[in-house]
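Okay, here's what each chain looks like letter by letter:
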Amino acid sequence: MSAGTIRVAAIQATSVILDAEATVAKGVNLLKEASQQGVKLAVLPELFIPLYPSSIWAYNAGRFDGFDDFWARLWNNSVDVPGPLIDRFISTCAEHDIYCMLGVNERESSRPGSLYNTMVLLGPEGLLLKHRKLMPTLHERLFHGIGNGQDLTVADTPLGKVGGLICWENRMPLARYALYEQGVQIWAAPTADDSKGWLSTMAHIAIESGAYVVSVPQYIPRCAFPDDFPVQLPDSDEALGRGGAAIFEPVNGRAIAGPLYDQEGIVTADIDLGRSLAAKRYFDVVGHYSREDVLRPPA
């Protein structure tokens, strides 16, 4: 296992809405800033490029009319994986010796059509992991296809074994277990959930997995939307996402950094994977505490 202390970050950032190029430029600058703070692994929000379709305004997409302009702009500003926008992050990772878990709207330009809620792990070596969300939540199904589950993988990096799930996938016990079996040590959880219940879920996963958990939603103020945004927004000036970035340790599920609300920011913590090993002395969910022999039928 990886040894020593490393610094990780939850980068709570607002997308440059429906502008992939500008959002990538912002994300790259944030990675550089995090690197200057000694960060070796940074997690950016769910669907950071170019926008998370919030239920506050996106629920009307169930109609056959009224969302064509939005859909076209969303698709045109989404990301091919691999592709040139991903390459810009990889170049930044190589230049600054940093790893990044990034949430994107993924498209396939070779076959224009569906979009996917995807997270990618990038590092100096290139694209290390790509995972499509298994089941979009409620209104998200109006925008994203479902993942096929073949990409529930953990990447073995010089920092340790890195994996994770997207938003409410983290509520799926069998998906979590698939990553636990691979020995995940640092768990990334990009999300759109800014509730207190979400923080409880993150604390539980830290204890259950014996991994450090880096959770990061977006902070989305009303003023971030451009004047020509093609969908009607609520009249209220309240934020459409308060954030709540936080980092949790594996022994007691305690938040060791954050939560950060109502602003953009970089939340950092120094983590020691030796604490992950200590946690598994008490409770190893896929080892001495698994009892798969009574929970699975014989082959």
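Residues numbered from 1 in each chain as written. Predicted model: local features only at pLDDT ≥ 70, side-chain atom pairs only at ≥ 80, totals over all residues. Heavy atoms only, no water.

Peer 1: Summarise the overall build of the protein chain; cite the residues concerned and give the values.
Peer 2: The helix and strand inventory of the protein chain stands at eight helices and 14 strands. Dimensions of the protein chain along its principal axes, counting C-alpha atoms only, are 55 × 50 × 40 Å. For the protein chain, restricting intrachain contacts to residue pairs at least 6 apart in sequence, the fraction spanning at least 24 positions comes to 72%. Carbon together with sulfur atoms contributes 51% to the accessible area of the protein chain, which is approximately 12,900 Å² in total. If you average the places of the 25 positive and of the 35 negative side-chain charges in the protein chain, the two averages end up 5 Å apart. (Helix = DSSP H or I, 4+ residues; strand = E, 2+ residues; numbered from the N terminus. Contact = heavy atoms within 4.5 Å. Areas by Shrake-Rupley, 256 points an atom, 1.4 Å probe, with all protein chains shown as cover. Lys, Arg positive; Asp, Glu negative; His and termini not counted. Charge placed at Lys NZ, Arg CZ, Asp CG, Glu CD.)

Peer 1: An account of the state of the cysteines is needed here, citing residue identities and associated values.
Peer 2: Going through the model one piece at a time under the given rule, you end up with zero disulfides. We note that Cys93 lacks a disulfide partner, and the nearest cysteine sulfur, in Cys100, lies 5.4 Å from it. Cys100 provides the cysteine sulfur closest to Cys167, a residue in no disulfide bond, and the two sulfurs are 18 Å apart. Residue classification places Cys167 among the buried residues on the basis of a relative accessible area of 5%. (Disulfide = S-S within 2.5 Å. Buried < 20%, exposed > 50% of the residue type's maximum accessible area, 1.4 Å probe, protein only.)

Peer 1: Report on the packing of aromatic side chains, specifying residues and quantitative values.
Peer 2: One pass over the full model with this rule turns up ten aromatic pairs. Pairing Phe283 with Tyr289 gives two aromatic rings, centres 4.7 Å apart and planes at 45 degrees, and the pair type is tilted. Exposure remark for Phe283: the relative accessible area of 27% places this residue in the partly exposed category. Among the aromatic side chains, those forming a connected cluster through ring pairs are Trp57, Phe67, Phe70, Phe143, Phe225 and Phe229. In this structure, Arg107 packs its charged tip against the face of Trp75, placed 5.0 Å from the ring centre. Note that Arg132 overlies the ring of Tyr116, its terminal NZ or CZ placed 3.8 Å from the centroid. (Phe/Tyr/Trp six-rings, centres within 6.5 Å; stacked < 30°, edge-to-face > 60°. Lys NZ or Arg CZ within 6 Å of the ring centre and 35° of its normal.)

Peer 1: Just give me the short version of the environment of Pro190, but keep the residues and values in it.
Peer 2: Examined against the element boundaries, Pro190 turns out to sit in strand S9 (residues 186-190). Judged by its relative accessible area of 1%, Pro190 is buried. Considering only alpha carbons, one finds Pro190 and Pro230, 40 residues apart in sequence, at a separation of 26 Å. In this structure, Pro190 is in contact with Val43, Leu44, Pro45, Glu46, Met119, Leu165, Ile166, Cys167 and Val216, ignoring residues within four places of it in sequence.

Peer 1: Break down the pattern of salt bridges for me, with residues and values.
Peer 2: Following the criterion strictly, the structure yields 17 salt bridges and no others. The salt bridge involving Glu21 is made with Arg88; its shortest N-O contact spans 2.6 Å. Of this pair, Glu21 sits in helix H1 (residues 20-36) while Arg88 sits in helix H4 (residues 84-96), and the two are 67 residues apart along the sequence. By relative accessible area, which is 31% here, Arg88 ends up partly exposed. Residue Lys40 is joined to Asp97 by a salt bridge in which the shortest nitrogen-to-oxygen separation is 3.2 Å. Here Lys40 is found in strand S2 (residues 39-43), whereas its partner Asp97 is found in the loop between H4 and strand S4 (99-107), with 57 residues between them in sequence. One salt-bridge network, in which partners are shared between bridges, spans Glu106, Glu108, Arg111, Lys130 and Arg132. (Salt bridge = Lys/Arg side-chain N within 4 Å of Asp/Glu carboxyl O.)

Peer 1: Tell me about H4, residues and numbers included.
Peer 2: Helix length check: H4 (13 residues) gives 19 Å between terminal C-alpha atoms against 18 Å at 1.5 Å per residue, within 8%. All of the buried residues in H4 are Leu85, Ile86, Phe89, Ile90, Thr92 and Cys93. Viewed end-on, H4 has its buried residues packed into an arc of 160 degrees, placing them on one side of the element. Every exposed residue of H4 that faces more than 90 degrees away from the buried side is listed here: Pro84 and Glu95. Check the buried side of H4 and you find it contacts H1, strand S3 (79-80), S4, strand S5 (116-123) and strand S6 (126-132). Among the residues trailing H4, Asp97 stands out with phi positive, at a value near 55 degrees. (Expected span 1.5 Å × (residues − 1). Arc of directions from axis to C-beta.)

Note that every value here comes from positions in space, so none of it alone points to a role or purpose.
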